[in-house]
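# Structure assessment
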Amino acid sequence: MKIAEVESFAVSIPLKEPVAFATRVVEERDHAIVYVRTEDGTEGVGYSLGYGGADVIAKAVESVLAPMVEGEDPRDTSRLWSEMFDATVQIGRKGVMVRAISCIDTALWDIKAKAAGMPLYKLLGGHADEVPAYASGGYYREGKGLEGLREEMETYVDRGHDVVKMKVGRKSLEEEVERVRVAREAIGPNRTLLMDANGKWKNKQEAVRACRAFEEYNPYFIEEPVMPDSLDLYREVNESLDYAVAGGELEFNRYGFADLLREDAVEIIQPDVTVVGGVTEWMRVADMAACHDIPVAPHYNWDLHIQLLAAIENGLWIEYFYRDSDVKAFDDVLTYPVEPEDGMIQLPQRPGHGVELERDALEEFRI
């Protein structure tokens, strides 16, 4: 079995109206798309959210990585991962190049599972046939207000979720405390409330003051209270709170997660398979976390992450965005979008990682 072709390009899917979190306003969602095809016609797909740079990721795949893997056996995932990672040491290790590696590696695992005639989670070990999902939302929109937030949180409860997440940090602390209070009222006292600050606070005083102000509403974790590179600050915040700090969606390989764990900076890790280096590196990170009894709650990309969470013993939750919230738009190019039922997602039994993309839709949004 040999790789015959690697195709890469970028798409951008506009949102109906802008949406914001603590540190950014988003008007569209761009993704790098990668297809790897073998000589016998087997096709694997990988992708990564671009945050405005999807075309750069796609070009990195085409110009740097594709020549390294063409003609190789796609089932040699460990060897090919090492060769791509080591060969790009001068220009990679984090950022665009590791996202590009993620795309190719994910496509290789798709091929590998298809060749085995198995869904990916079974090939990786098969720990569960369904995974719990939390409803992610609570974004900022013009005119939304507290009642809009309340209605959104109540909708998630009505859809069967016992765990929900909201954004914090964009408004004044007094306003944010009121938002958290409203969210807690909406979901009730016995459900789990998660918060995400997207690296908002710049020092210990700001971060700890804000996070402690939320404590009376019994949050389960605060995600990214500070910027991801601030390991000392992460640790100081984590040590100062009575609830957990979570992070890792922007860590690019196992070494970054080793630093997070060694520094006791987080109590829950959130690796993203499209960021960290693909399936190969994601599983290494999850297994490393298991050695420390640290749970895994991956960031976004639930269509891929259900396969990975179902393969490990320390999986916590999948992050899920409903399409009608108009925050994530990738469902618009999926052949088989998934949706939770009573807060659980059943694993698809198709061979491969289960994600198939609609080519006509991709062409419509192609950059």
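What comes next concerns the included structure. (Residues numbered from 1 in each chain as written. Predicted model: local features only at pLDDT ≥ 70, side-chain atom pairs only at ≥ 80, totals over all residues. Heavy atoms only, no water.)

Time to look at helix α2 (residues 77-87). Every buried residue of α2 is listed here: Thr77, Leu80, Trp81, Met84 and Phe85. Buried residues of α2, seen end-on, are gathered within an arc of 125 degrees and therefore sit on one face of the element. As for α2, its buried residues are in contact with β1 (3-21), α1 (54-69), α3 (96-116), α9 (254-262) and α11 (278-291). (Buried < 20%, exposed > 50% of the residue type's maximum accessible area, 1.4 Å probe, protein only. Helix = DSSP H or I, 4+ residues; strand = E, 2+ residues; numbered from the N terminus. Arc of directions from axis to C-beta. Contact = heavy atoms within 4.5 Å.)

All right, on to the pairing of β1 then. Across 14 bridges, the pairing between β1 and strand β2 (residues 24-38) is antiparallel. Paired with serine 12 across the two strands is aspartate 30, which belongs to β2. (Pairing = 2+ DSSP bridges.)

What follows is about the side chain of lysine 112. On the secondary structure map, lysine 112 appears in helix α3. Here the side chain of lysine 112 touches arginine 75 through a polar contact of 3.2 Å, landing on its backbone oxygen. In this structure lysine 112 touches Arg75, Thr77 and Leu123, once residues within four positions along its chain are discounted. (Polar contact = N/O pair within 3.5 Å; in protein donor to acceptor, adjacent residues only side chain to side chain.)

Looking at the secondary structure, you find histidine 31 in strand β2. For histidine 31, the side chain forms a polar contact with the side chain of tyrosine 300, separated by 3.4 Å. Excluding residues that lie within four positions of it along the chain, histidine 31 makes contacts with Phe9, Ala10, Val11, Tyr47, Ser48, Leu49, Gly50, Ala54, Tyr300 and Phe330.

Attention shifts here to the packing of aromatic side chains. The final tally for this structure, using the stated rule, is 14 aromatic pairs. Plain terms: the ring middles of tyrosine 300 and phenylalanine 321 are 6.2 Å apart, the flat faces sit at 85 degrees to each other, and that makes the pair edge-to-face. Of this pair, tyrosine 300 sits in the loop between α11 and α12 (302-309) while phenylalanine 321 sits in the loop between β10 (318-320) and β11 (344-346), and the two are 21 residues apart along the sequence. Overall, the relative accessible area of 2% leaves phenylalanine 321 in the buried class. The structure contains a cluster of three or more aromatic residues connected by ring pairs, namely Phe21, Tyr139, Tyr156, Tyr300, Trp302, Tyr320, Phe321 and Tyr322. Geometry around tyrosine 322 places arginine 159 over its ring, the cationic atom sitting 4.2 Å from the centre. One cation-aromatic arrangement involves arginine 350 over tyrosine 336; the distance from NZ or CZ to the ring centre is 4.1 Å. (Phe/Tyr/Trp six-rings, centres within 6.5 Å; stacked < 30°, edge-to-face > 60°. Lys NZ or Arg CZ within 6 Å of the ring centre and 35° of its normal.)

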